[in-house]
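Results of the structural survey
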Amino acid sequence: LRAIGAVRPRWRGRPPARHPAADVAGSVRGAPAVFVVRVELASPMRGLWARALERRRGGAEEPSGGIEAALQQVTQTDCAAVPRDALQRVLELASGSEEALAHVLRHVEENLCAPASEWRRVSGALQLLEKMLGAPGDALVGRIWFEVKAQAYLERLAQTFEYEEDRRVAGLVRRHAASALALAKQRILQDGDDQEFRER
């Protein structure tokens with residue numbers, strides 16, 4: 001930390017009358033000196049603090065690298081088939097940090113319970129969940145999160161989802177829900193040890 005200079009005092013309300021013997025700088029002779037010290041963080045802390053302030057004000061890109069935009073491409077698509085590159089992008093971002101993963105899981109949960117009239121949201125969330133459950137390596141979806149937040153929705157979607165305007169849509173959603181359930185049974189539900197609870 002280092003102090004950077006001092007500034008003249010600022011008066012609240014009406015300033016005092018100027019003394020005839022006031023100097024050029026405008027300070028009143030005999031008045032108590034008031035110093036305001038500005039503290040500046042030395043680098044690299046200064047850069048970290050600036051970036052944190054920018055993110056708080058909404059002026060910097062999300063730490064997850066635009067994960068919200070990628071999620072919108074998954075659940076707000078105009079067609080039944082979600083673009084593979086969009087799914088892969090979300091998967092990569094979710095694998096990058098716990099913060100990004102929690103954001104993705106929360107998005108999946110919110111869209112699984114969307115009404116049938118917004119079936120594209122439901123379908124996109126199901127396909128994303130399938131992708132996460134089938135990803136190689138360590139499971140991105142924890143067992144407790146799945147049982148508490150997703151399992152009941154998937155079972156209901158697989159058995160009772162209806163879309164009267166187009167039966168093909170109902171069949172699509174039911175297939176994806178059944179597929180996600182099957183993957184969960186293979187990857188996380190057969191393991192007796194509870195995995196990390198990823199609820200945020």
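Residues numbered from 1 in each chain as written. Predicted model: local features only at pLDDT ≥ 70, side-chain atom pairs only at ≥ 80, totals over all residues. Heavy atoms only, no water.

1. Details of the overall build of the protein
When helices and strands are tallied, the protein shows 7 helices and 2 strands. Reading the helices (α) and strands (β) of the protein from amino to carboxyl end gives β-β-α-α-α-α-α-α-α. Residues classed as buried in the protein amount to 33% of the 200 residues present. Pairs at least 24 apart in sequence give 69% of the contacts found in the protein among residues at least 6 apart. With the model as given, the accessible surface of the protein reaches about 13100 Å², and the carbon-plus-sulfur share is 51%. (Helix = DSSP H or I, 4+ residues; strand = E, 2+ residues; numbered from the N terminus. Buried < 20%, exposed > 50% of the residue type's maximum accessible area, 1.4 Å probe, protein only. Contact = heavy atoms within 4.5 Å. Areas by Shrake-Rupley, 256 points an atom, 1.4 Å probe, with all protein chains shown as cover.)

2. Quick word on helix α7 (residues 167–189)
When the terminal C-alpha atoms of α7 are compared, their 31 Å separation across 23 residues agrees well with the 33 Å that a helix rising 1.5 Å per residue should span. Where the residues of α7 are buried, they touch α5 (119–133) and α6 (143–160). Its side-chain oxygen 2.9 Å from the backbone nitrogen of R168, D166 forms the N-cap of α7. (Expected span 1.5 Å × (residues − 1). Polar contact = N/O pair within 3.5 Å; in protein donor to acceptor, adjacent residues only side chain to side chain.)

3. Things to note about the packing of helix α3 (residues 84–96) against α5
As a packed pair, α3 and α5 sit with axes 10 Å apart at the nearest point and diverge in direction by 55 degrees. Taken as axis vectors, α3 and α5 run oblique relative to one another. Note that α3 runs across α5; the crossing there is right-handed. Contacts from L87, Q88, V90 and L91 of α3 reach α5 at Q127, L128, K131 and M132. Across the contact of α3 with α5, the residue classes break down as 5 nonpolar, 2 polar and 1 charged. (Axes fitted to C-alpha atoms, helices over the stretch in contact; angles between N-to-C directions. Parallel < 35°, antiparallel > 145°, perpendicular 65-115°, else oblique. Left-handed = near helix turned anticlockwise from the far one by under 90°. Nonpolar A, V, L, I, M, F, W, Y, C, P; charged D, E, K, R; others polar.)

4. Considerations on the pattern of salt bridges
Going through the model one piece at a time under the given rule, you end up with 5 salt bridges. Linking K149 and E109 is a salt bridge whose minimum nitrogen-to-oxygen distance equals 3.7 Å. A residue pair is termed long-range when its members are at least 10 positions apart, and K149 in helix α6 and E109 in helix α4 (residues 98–112) qualify at 40 residues. Exposure remark for E109: the relative accessible area of 21% places this residue in the partly exposed category. (Salt bridge = Lys/Arg side-chain N within 4 Å of Asp/Glu carboxyl O.)

5. A closer look at the confidence of the model for the protein
Confidence along the protein averages 76 in pLDDT terms, with 62% of residues attaining 70 or more. Confidence drops under pLDDT 50 across residues 19–29; counting only partners more than four residues distant or on other chains, this segment forms 6 contacts. In the predicted structure, residues 33–64 sits below a pLDDT of 50 and forms 33 contacts with residues beyond four places in sequence or in another chain. (pLDDT = per-residue confidence, 0-100.)

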